[in-house]
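# Analysis of the macromolecular model
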Amino acid sequence: KENTFVFHNGVEIPNIGFGTWQIPNEEAYDAVTMALKNGYTHIDTALAYRNEENVGKAIKDFDIAREKVFITSKLPAQIKGYQETLEAFNETITNLGVDYLDLYLIHAPWPWDEKGKDCTEENIQTWKAMEKLYNDGKIRAIGVSNFSKSDIQAIIDACEIVPMVNQIPFYIGHDQKSLLAYCKEHDIVVEAYSPLATGQILNSPEIKEMSEKYGVTPAQLCIRYCLEHETLPLPKSTHEERIIENSKLDFKITPEDVKKLDAIEDVRAK
Ligand code: A2P
């Protein structure tokens, strides 16, 4: 189907989502309302963003049925373990005021302040709780975020359900080639967070020049680039004109131009 990706369990997800990382709770109500008003039907949040309450309120107050909105949230990176996961999930659905989630992700393989730590065993216990929530019908799909190939492989080897999603940073200059190939091989949908490199690539002369060629804005080129690589972009903005702009992606980048963009150096790599 057009405008959706399909997980390996058959669940469909709108192919662009509204990212809410770095939107404070006070601003989240208006931002999410603007997104819904302008046609977004997929909202991405996390317990760690501390905005679930107003994200949920905005969805509830908007004139749209629950099942018409795809809601993703995430288990905080520092929370690992079976029981801990079930409890954090309950906190999230209470914050959001919903009785099920469309997608729930392990936010990272390790706590943010212990980046790179081997948490394989903890992640396996955590994943078993995710599977339980999934099997109980409380989540329509389960996945991971910031996971490497070996992090994912450990789950696949020890558990029943292959993650439906890996949400990773993905933007022009950071094309994650081998991880993407691995995910594709296992039918894992890759979601692209920071598709604008948190705004840092929008002044790139090469990106500007190419966006002019297509008659679009640099942001639109960056977001379309994700779709050309079959990743699902999650752009964030708190400005309505940008929220609108970021969802108008009705053009295609030629394969030659995608290659040129692939060759751009990562602005965030030192
Ligand atoms: P703001 O929220 O003030 O509009 P990413 O999605 O990669 O995390 O990037 C988000 C950053 O890019 C935010 O600082 C956001 O600012 C900015 N941004 C989002 N959309 C656009 C746009 N269409 N044009 C310019 N800047 C944008």
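Position numbers for residues start from 1 in each chain and track the written sequence from start to end. With the structure being a predicted model, the display of local features is reserved for residues of pLDDT at least 70 and the display and counting of side-chain atom pairs for 80 or more, all residues being used for whole-chain, interface and lining totals.

### A word on the overall build of the chain
What the chain contains, in helices and strands, is ten helices and ten strands. As defined in this context, the radius of gyration uses C-alpha atoms, and a globule is described by 2.2 Å times the residue total to the power 0.38. Against the compact-globule benchmark of 18 Å for 270 residues, the chain has a radius of gyration of 18 Å, which places it among compact chains. For the C-alpha atoms alone, the extent of the chain along its principal axes is close to 55 × 40 × 35 Å. With C-beta atoms placed from the backbone, the exposure class of a residue follows from how many other C-beta atoms lie within 10 Å of its own: 20 or more, buried; 12 or fewer, exposed; in between, partly exposed. Looking at the chain as a whole, 45% of its 270 residues qualify as buried. Any residue pair is listed as a contact if its two C-beta atoms, each placed from the backbone, are within 7 Å. Taking as baseline every contact in the chain between residues at least 6 positions apart, the subset at least 24 positions apart corresponds to 72%. Only DSSP runs of H or I with at least four residues qualify as helices, and only runs of E with at least two residues qualify as strands; both kinds are numbered from the N terminus onward.

### Examining the UniProt feature "domain: NADP-dependent oxidoreductase" (unreviewed entry) in the chain
As annotated by UniProt and renumbered to match this structure, "domain: NADP-dependent oxidoreductase" (unreviewed entry) occupies residues 16-265. End C-alpha atoms of residues 16-265 are separated by 25 Å, and the span's content is 43% helix alongside 13% strand. UniProt positions are given in the numbering used here, feature names are shortened, and annotations may be inferred rather than shown by experiment.

### Focus: the site of the ligand
Close to the ligand lie 18 residues, the nearest being Leu-196, Gly-199, Ala-219, Ser-237 and Arg-242. Here the residues of the shell around the ligand are counted per class, giving six nonpolar, nine polar and three charged. Whether a residue is near a molecule or strand depends on its C-beta atom, placed from the backbone, lying within 6 Å of it. In the scheme used here, Gly and all other residues not listed as nonpolar or charged are polar, with Ala, Val, Leu, Ile, Met, Phe, Trp, Tyr, Cys and Pro taken as nonpolar and Asp, Glu, Lys and Arg as charged.

### Some details on the sheet that holds strand S6 (residues 103-106)
What makes two strands pair is DSSP finding at least two bridges between them. Taking strand neighbours across the sheet as the criterion, the eight strands line up as S3-S4-S5-S6-S7-S8-S9-S10 in an open arrangement whose pairing is parallel. Each having just a single partner strand, strand S3 (18-19) and strand S10 (231-234) make up the two edges of the open sheet. When strand S7 (residues 142-145) meets strand S8 (residues 165-169), the two strands line up parallel, connected through two bridges. What sits directly across from Ser-145, in S8, is Gln-167.

### Some points on the pairing of strand S5 (residues 70-75)
Counting buried positions over the six residues of S5 gives six, a clear majority of the element. Both strand S4 (residues 42-44) and S5 contribute to a ladder of three bridges, which runs parallel. Bridging across to S5, Ile-43 finds its partner in Ile-71. Seen with the strands pointing away from the viewer, any crossover whose path from the first strand over the helix to the second strand runs clockwise is right-handed. Note on the crossover from S4 through helix H2 (residues 52-61) to S5: the handedness is right-handed. At this point the chain moves from S5, through helix H3 (residues 82-96), to the parallel S6, and the crossover so formed is right-handed.

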